[in-house]
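Residue-level structure breakdown
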Amino acid sequence: MKNIDQKDLELQCLSEISEALVAPDLEDSLNKVLIILADKLQMIRGTITLINENAELTIQVAQGLTEEEKSRGRYKVGEGITGKVVESGEPMVIPSIAEDSQFLDRTKARNKISKKDISFVCVPIKFGSRVLGALSVDKQFSKVESFDSDLRLLTIISSMIAQAIRMGELVRVQEEKLKSENVQLKQELKEKYNITNIIGNSSKMHEVYAQINQVAQSNATVLIRGESGTGKELVAHAVHYNSLRADKPFVKVNLSALPETLIESELFGHVKGAFTDAHEAKIGRFEKANGGTIFLDEIGEL
């Protein structure tokens, strides 16, 4: 039976792992989990193996393995100890890997050490009934040691890992959705501000259309003049969305709405502490429009 100090160590381990798993970089978080297991509980050569899109098990992160050894760690579901754990969704313990033919050691990471001195513990990484992969560690073999506590602890940790992986999946799905929506929105804007949508068929309007086509293909600064309501902003959009900059930002600035004291800061930004109220750095509109188009509306007000 483990003493209170060991239990305190396990609680400390769980606390550190929970902190590690909130980091945005999932792979970095999983690496930290394996390092904590090695440092705190002497569970060495920790490996997190996940099912890829081809329904094959590959090593996502590993502690104490070279990149070459990691690349060799590929299994089919049901193959080897790790494959059996993923297939069954149940943990497995191999007290001495030297005495068990199921242990494949495909990574060859233990070739230079005595396998009879190594125990192997592997638990499934499950989110509900869905098995995502497996968490496995090596331990120093001991005839008198029970693995119940190790299984209980690793099962808790694998559940935490499953939550982090699932959260990462949801974030990726959301990012892909936002990217898709962004592409669709840009296409809709391009169609909306197509030159053909501008009303007018007179010779003067045809000259305007020709000028839009001409300047859209260049990086020239364009001055659009006309009375209020004649469609200056519509022309500005048409120039942008028919140019090579169409996928970059279109930033509109209504200069008449900006107080004189804020114009410089709004257009060009400022660094923290540049003046009394500059409590943090601010990106200017020109920098926001980098690579795209900035439309200075009511420029005559300057």
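A short tour of the structure in this document, coming up.

Calculation rules
Every residue gets a number counted from 1 within its own chain, in the order that chain's sequence is written. The model is predicted, so local features are restricted to residues of pLDDT at least 70 and side-chain atom pairs to those at 80 or more, both for listing and for counting; the totals for chains, interfaces and linings are taken over all residues. Only hydrogens and water are removed before side-chain values are computed, so all heavy atoms of the structure are retained for them. Strands here are runs of E lasting at least two residues and helices are runs of H or I lasting at least four, both read from the DSSP assignment and numbered beginning at the N terminus. Restricting the calculation to C-alpha atoms gives the radius of gyration, and the globule rule supplies 2.2 Å times the number of residues raised to the power 0.38. For every residue, the accessible area (1.4 Å probe, protein chains only) is compared with the maximum for its type, and the residue is labelled buried under 20%, exposed over 50%, or partly exposed between those bounds. Accessibility throughout is a Shrake-Rupley quantity obtained with a 1.4 Å probe, and a residue counts as covered only by protein chains that appear here. By the counting rule applied here, Lys and Arg register as positive and Asp and Glu as negative, while His and the ends of each chain are not counted. Charge placement uses NZ in Lys and CZ in Arg. For Asp and Glu, CG and CD serve respectively. Distance thresholds for patches are 9 Å for like charges and 5 Å for nonpolar side chains (Val, Leu, Ile, Met, Phe, Trp, Tyr), applied to residues having over 30% relative accessible area and no salt bridge. Note on definitions: salt bridges are taken to be side-chain nitrogens of Lys or Arg within 4 Å of carboxyl oxygens of Asp or Glu. Two strands make a pair as long as DSSP finds a minimum of two bridges between them. Pairing of aromatic rings covers Phe, Tyr and Trp, the last through its six-membered ring, and needs centres within 6.5 Å; plane angles under 30 degrees mean stacked, over 60 mean edge-to-face, and all others mean tilted. Residues count as neighbours in contact if any of their non-hydrogen atoms are within 4.5 Å of one another. As used in this record, nonpolar core signifies buried Ala, Val, Leu, Ile, Met, Phe, Trp, Tyr and Cys residues forming a set joined through side-chain atoms within 4.5 Å. Angles shown run from 0 to 180 degrees and are taken between the N-to-C directions of axes, each axis being a line fitted to C-alpha atoms and, for helices, limited to the stretch in contact.

1. Regarding the overall build of the protein
Broken down by element type, the protein carries nine helices and eight strands. Over its C-alpha atoms the protein spans a radius of gyration of 31 Å, topping by over 25% the 19 Å that the globule rule assigns to 302 residues. Seen along its three principal axes, the alpha-carbon backbone of the protein occupies a region of about 95 × 50 × 35 Å. The proportion of buried residues among the 302 residues of the protein is 37%. When the accessible surface of the protein is summed, it comes to about 18400 Å², and 51% of that surface belongs to carbon and sulfur atoms. Across the protein, 38 positive and 44 negative side-chain charges occur, with their mean positions spaced 4 Å apart.

2. Here we look at a nonpolar patch on the surface
A grouping of Met167, Leu170 and Val171 is seen on the molecular surface, where their side chains present a nonpolar patch of about 270 Å² in accessible area. Topologically, Leu170 is positioned in helix H5 (residues 148-192). Judged by its relative accessible area of 42%, Leu170 falls in the partly exposed class.

3. Structural notes on the pairing of strand E6 (residues 130-140)
With nine of 11 residues buried, E6 lies mostly within the body of the structure. Bridging between strand E1 (residues 44-51) and E6 involves five bridges; their strand directions are antiparallel. Bridge pairing in E6 places Leu50 opposite Gly133. Sheet topology note: the strand E5 (residues 118-127)/E6 ladder contains 10 bridges and is antiparallel. Note that in E6 the partner of Ser119 across the bridge is Lys139.

4. Describing the packing of aromatic side chains
Scanning the entire structure with this criterion turns up three aromatic pairs. The rings of Tyr241, Phe250 and Phe295 are connected pair by pair, giving a single aromatic cluster.

5. Here's the deal with the side chain of Glu266
Relative to the assigned elements, Glu266 resides in helix H8 (residues 263-268). A relative accessible area of 14% places Glu266 in the buried class. When sequence neighbours within four positions are dropped, the list of residues in contact with Glu266 reads Leu258, Lys282, Gly284 and Arg285.

6. Some details on the nonpolar core
Of all hydrophobic cores here, the largest spans 30 residues; its most connected members are Leu37, Ile48, Ile125, Leu135, Leu154, Ile157 and Ile161. Contributions of two or more residues to this core are made by helix H1 (4-20), helix H2 (26-41), E1, E5, E6 and H5. When residues in this core are grouped by element, the largest group, eight residues, is from H5. Counting 13 residues, the second largest nonpolar core, distinct from the first, contains Leu57, Ile97, Cys122 and Ala134.

7. With respect to the sheet that holds E6
Reading across the sheet, the six strands line up as E3-E2-E1-E6-E5-E4 and stay open at both edges, with antiparallel pairing between neighbours. Two strands close off the open sheet at either side, each with one partner strand: strand E3 (74-76) and strand E4 (92-94). Adjacent strand axes in the sheet meet at a mean angle of 25°, parallel and antiparallel pairs treated alike. Bridge analysis of E4 against E5 gives three bridges, and the strand direction is antiparallel. Opposite Val93, over in E5, you have Val121 as the bridge partner. Against the sheet, helix H4 (residues 80-88) touches E1, strand E2 (56-62), E3, E4, E5 and E6, its axis set at about 30° to E5. Where H5 meets the sheet, it contacts E1, E4, E5 and E6, and its direction lies at approximately 40° from that of E5.

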